[in-house]
Amino acid sequence: MRHLAGCYLAQGRPKEAEPLAETALLKARAVLPDGHPNLGWFFNVVAEYHLESGNINESISSFETAIDLFSHAQSLQTLALAEIKHNLALAYDEKKNTEKAMELVKESIDIKEKHSSDFPLEIAQC
């Protein structure tokens, strides 16, 4: 469901993505313990839906929840943290908070650079 919601978002179809994103998050919360890093992926897609729909404050809140969940994770989750910080920067940019957006982009790049030996292709894509 989460991946299909992401596909709909990528196609510019947020109305179709919303129920899938919300249902996927509810189902994930039902089976994963509170604070589980994998919940971050579900909050990220909900945040992307809100961003695409112009619900910037809701988007920021969901991105921040995803960041909080991923900030305690290891390995591949570290790249997710960098990606979601970048996504949150887009939301702040929509709110015309360029300073906060730039801060988050720099944090995203710093995370990728710190782990570039583990994930060499990721840093090249910054």
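In this text the structure is predicted, and so the values were computed from the model without any measurement.

## Description of the pattern of salt bridges
Stage number 1. The tally for this structure, following the rule as stated, stands at three salt bridges.
Stage number 2. A salt bridge links Arg13 to Glu16; the shortest N-O distance between them is 2.7 Å.
Stage number 3. Its relative accessible area of 37% is what places Glu16 among the partly exposed residues.
Stage number 4. Taking the shortest distance from any N to any O, the salt bridge between Glu103 and Lys100 comes out at 3.6 Å. Here Glu103 and its partner Lys100 are both found in helix H6 (residues 98-114), three residues apart, which amounts to about one turn of the helix.
Stage number 5. Judged by relative accessible area, which is 37%, Glu103 ranks as partly exposed.

## Focus: helix H3 (residues 39-52)
Stage number 1. Between the first and last C-alpha of H3 there are 20 Å, a value that for 14 residues agrees with the 20 Å anticipated at 1.5 Å per step.
Stage number 2. A large share of H3 lies buried, amounting to eleven of its 14 residues.
Stage number 3. Residue Gly54 follows H3 closely and has a positive phi angle near 85°.

## What about the nonpolar core?
Stage number 1. Counting residues in hydrophobic clusters, the biggest one holds 35 residues, and the most contacted among them are Phe63 and Leu88.
Stage number 2. Counting residues per element, the ones that place at least two in this core are helix H1 (2-10), helix H2 (14-31), H3, helix H4 (56-70), helix H5 (76-94) and H6.
Stage number 3. The contact partners of Leu88, leaving out residues within four places of it in the chain, are Ile60, Phe63, Glu64, Ile67 and Leu104.

## Examining the layout of surface pockets
Stage number 1. Quantified by volume, the largest pocket comes out at close to 300 Å³.
Stage number 2. Listed by contribution, the elements that provide at least two residues to the lining of the largest pocket are H1, H3 and H5.
Stage number 3. Here the lining of the largest pocket is built from residues that sort into seven nonpolar, four polar and four charged.

## Section: the confidence of the model for the protein
Stage number 1. Of the residues in the protein, 87% reach a pLDDT of 70 or more, and the chain-wide mean stands at 84.
Stage number 2. Here helix H7 (residues 120-124) stands out as the element of the protein with the lowest mean pLDDT, 47, in contrast to H4, whose mean of 92 is the highest.
Stage number 3. With pLDDT under 50 throughout, residues 120-126 is counted as low confidence; its partners more than four residues away or in other chains account for eight contacts.

The rules behind each value
Residues numbered from 1 in each chain as written. Predicted model: local features only at pLDDT ≥ 70, side-chain atom pairs only at ≥ 80, totals over all residues. Heavy atoms only, no water. Salt bridge = Lys/Arg side-chain N within 4 Å of Asp/Glu carboxyl O. Buried < 20%, exposed > 50% of the residue type's maximum accessible area, 1.4 Å probe, protein only. Helix = DSSP H or I, 4+ residues; strand = E, 2+ residues; numbered from the N terminus. Expected span 1.5 Å × (residues − 1). Core = buried A, V, L, I, M, F, W, Y, C linked by side-chain atoms within 4.5 Å. Contact = heavy atoms within 4.5 Å. 1 Å grid on protein atoms, 1.4 Å probe; cavity = no way out; pocket = protein on both sides within 12 Å on 5 of 7 lines; lining within 4 Å. Points joined across faces, edges and corners; volume = space filled by probe spheres on them. Nonpolar A, V, L, I, M, F, W, Y, C, P; charged D, E, K, R; others polar. pLDDT = per-residue confidence, 0-100.

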